[in-house]
Amino acid sequence: MTYTQRRSAAGLFFLAPYAFSFIAFILLPIIVSLCLSVMQFDMTAPHSVKFVGAHNYQEAWKDDYFWQALRATFGYVVLMVPGLIVTALGMALGLHGMARGRNTVRALLFLPGMLNVAVTGILWQWFYNGEFGLFNFVLKHLGLNAAPWLSEKSYAMPSIVIMSLWWSLGGTSIVLLAALQQIPKQIFEAALLDGATGPALLNRITLPLLRPVLLFVVVTNTIAGFQVFGQPFLLTRGGPELSTRGLVQYIYETAFNNYRLGYGAAMSWMLFAIVAVFALVQYSFLRRSTS
Amino acid sequence: MNAVLKKVNSVFMSLVAAVFLSPIVLMILTSFKPEAEVLNPASVVPKHWTLANYQYLLGWSEEAPFGRWLLNSFFIATSVTLLVVLFSSMAAFAITRLRVPGGNFVLGIIVASMMVPGQLFLVPLYLMLSRLHWLDTPAALIIPATAGGFGVFMLSQFMRAIPEAIEEAALIDGCTPMGLYLNVSLPLCAPALATLGIFTFVGSWNDFLGPLVFMDSVRNYTLPVGIALYQSSYYTEYGLTLATSVLATSPLVLVFMAFQRQIVESMSSTGLKD
């Protein structure tokens with residue numbers, strides 16, 4: 001055997017464990033999921049398994065709960081993504097302007113992101129609780145009315161978003177700060193010499209130079225936002241009146257509480273399609289405005 | 001003028017940091033309060049410090065075996081981390097250093113698969129794991145987790161950057177592929193391996209949907225799912241649930257404090273690739 005042949009043989013040996021895992025737990029589930037989505041597959045009725053074509057997809061189209069879940073998911077994304085980007089940008093600019101203590105503040109902003117979603121949910125449920133909650137306790141002490149943080153439709157989703165901002169602001173701020181630090185100082189100095197002021201600097205120099213990173217942050221957070229599950233599930237269980245039940249929670253309940261795996265798989269693909277379309281639109285839109 | 005602005009900015013950012021930290025401080029302080037003081041807080045710092053909440057939790061109970069959940073989480077997160085680092089580094093080594101035929105095509109497929117959102121795998125994995133009789137066992141959370149593409153992608157970037165001269169020198173000295181992997185590639189990638197390890201451990205420790213779907217019996221839960229379900233049945237005993245939260249969080253906060261710089265630096269670089 002030549003050296004190249006031996007190297008290739010060794011390469012296959014090194015690749016094998018991961019390749020096996022990848023085929024079994026990434027490729028195969030994708031195929032299984034596609035098959036399930038065109039089948040009637042109820043775990044409670046194993047004998048009624050059959051091919052039904054596009055029926056599951058048509059059912060979702062006519063399912064009021066599906067649309068309601070989609071609206072809730074949109075509601076989360078529309079509040080969360082712009083809120084996160086604007087506050088994270090503000091934090092990154094603030095951190096960038098700090099002469100001392102920047103690393104400490106940066107670490108403290110990131111710390112909530114290390115908590116897991118269950119702990120975050122428990123903590124904020126205590127803050128938000130109508131009767132025993134900390135926020136209402138403080139409001140009452142200040143002589144103000146208690147707020148229905150989680151029990152009223154118009155409050156519930158913003159409350160969930162506030163908690164999510166606290167939880168995930170640090171990570172996004174760090175990414176934006178790193179991008180800010182890569183902009184050469186000379187560019188700002190030249191602009192200042194030409195008489196540029198604060199807002200113009202931000203609009204004409206900082207934001208355009210940050211565009212690639214902003215694109216990355218907007219797209220990844222939109223994708224993550226469409227998949228939101230833990231935060232509403234733990235704070236409200238999707239209530240009140242299912243107003244905060246997103247698509248992933250509806251898929252979870254369809255597949256694992258009602259055991260309708262076929263319908264759950266079909267809705268997963270529909271969510272994937274929606275996310276992919278949004279990501280592509282954002283990507284091409286922001287790309288075009290860059291050049 | 002500029003100096004004043006800088007001062008204002010520093011004070012403002014310190015205030016923001018304090019606001020961000022305050023829920024965590026409140027959580028820790030409140031977990032040492034007796035129940036009456038939790039619901040009717042007279043001060044932020046407990047008037048009567050008590051360990052009652054922790055004593056209750058660490059005492060063994062059938063409906064909330066907290067210690068067992070902690071062990072489950074440790075076992076699962078550690079196994080996932082070791083296997084992911086091992087499999088991913090071997091695969092990245094095969095693709096970039098041993099130049100296995102079709103390696104770049106394989107890497108392309110792996111990267112493409114990272115675009116597929118995790119929730120899509122939930123239903124088919126449940127069905128497959130039930131056929132394998134892995135449901136309600138740690139294997140359900142460990143083995144599928146080794147298939148993620150991020151580690152292979154990241155380590156490939158690192159290993160590609162190792163100069164070929166080093167490799168050739170090792171080969172001339174009679175180094176086998178295994179020797180190359182163990183003595184050259186792994187040591188040179190140590191920072192990347194550590195980063196991958198930390199991210200994998202934290203991700204596995206904090207996973208919520210996976211154990212919620214794949215684990216059935218109370219004693220097999222991981223910590224996040226255990227305390228979330230426990231909390232929904234004892235939900236107004238905030239002293240207790242906050243103590244569970246403190247215990248669930250402290251291992252990760254220790255990891256964070258030990259590797260703070262590394263975690264923050266690698267977070268920073270994620271957005272800068274393209």
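Just so you know, these numbers come straight off a predicted model, no measurement behind them.

Description of the interface of chain B and chain A
Item 1. Taken together, the 72 residues of chain B in the interface contact 70 residues of chain A.
Item 2. Class assignment of the residues belonging to the side of chain B that touches chain A gives a composition of 51 nonpolar, 18 polar and 3 charged.

A short note on the nonpolar core
Item 1. One finds A:Phe14, A:Leu176, A:Met267, B:Ala91, B:Ala94 and B:Leu155 to be the most contacted residues of the largest nonpolar core, which totals 148 residues.
Item 2. Residues contacting B:Leu155, with those up to four places away along its chain left out, are B:Ser88, B:Ser89, B:Ala92, B:Cys189, B:Ala192 and B:Leu196.

Side note on the confidence of the model for chain B
Item 1. Considering every residue of chain B, the mean pLDDT works out to 86; 96% of them sit at 70 or more.
Item 2. Across the predicted assembly, pTM comes out at 0.88 and ipTM at 0.88.

Details of unusual backbone geometry
Item 1. Across the junction of A:Gly239 and A:Pro240, the peptide omega takes the value -10°, indicating a cis bond.
Item 2. Along the chain, A:Pro240 falls in the loop between helix H10 (230-235) and helix H11 (247-256).
Item 3. Positive phi, normally seen in glycine, also occurs at A:Leu242, with a value near 60°.
Item 4. On the secondary structure map, A:Leu242 appears in the loop between H10 and H11.
Item 5. Using a count of 16 C-beta atoms within 10 Å as the deciding quantity, one classes A:Leu242 as partly exposed.
Item 6. The phi angle at B:Asp136 is positive, at roughly 70°, despite the residue not being glycine.

Regarding helix H9 (residues 198-226) of chain A
Item 1. Here H9(A) spans only 35 Å end to end across 29 residues, well under the 42 Å set by a 1.5 Å rise per residue.
Item 2. Remark: the principal bend of H9(A), roughly 60°, maps to A:Arg211, with a proline, A:Pro212, within the next four residues.

Quick word on the environment of A:Lys50
Item 1. If you trace the backbone, A:Lys50 turns up in strand S2 (residues 50-51).
Item 2. Using a count of 9 C-beta atoms within 10 Å as the deciding quantity, one classes A:Lys50 as exposed.

Here is what the cut-offs are and how they apply
- Residues numbered from 1 in each chain as written.
- Chains lettered and ligands numbered in written order.
- Predicted model: local features only at pLDDT ≥ 70, side-chain atom pairs only at ≥ 80, totals over all residues.
- Contact = placed C-beta atoms within 7 Å.
- Nonpolar A, V, L, I, M, F, W, Y, C, P; charged D, E, K, R; others polar.
- Core = buried A, V, L, I, M, F, W, Y, C linked by C-beta atoms within 7 Å.
- Buried ≥ 20, exposed ≤ 12 C-beta atoms within 10 Å, placed from the backbone.
- pLDDT = per-residue confidence, 0-100.
- Helix = DSSP H or I, 4+ residues; strand = E, 2+ residues; numbered from the N terminus.
- Expected span 1.5 Å × (residues − 1).
- Bend = angle between axes of the 7 residues up to and from the residue.

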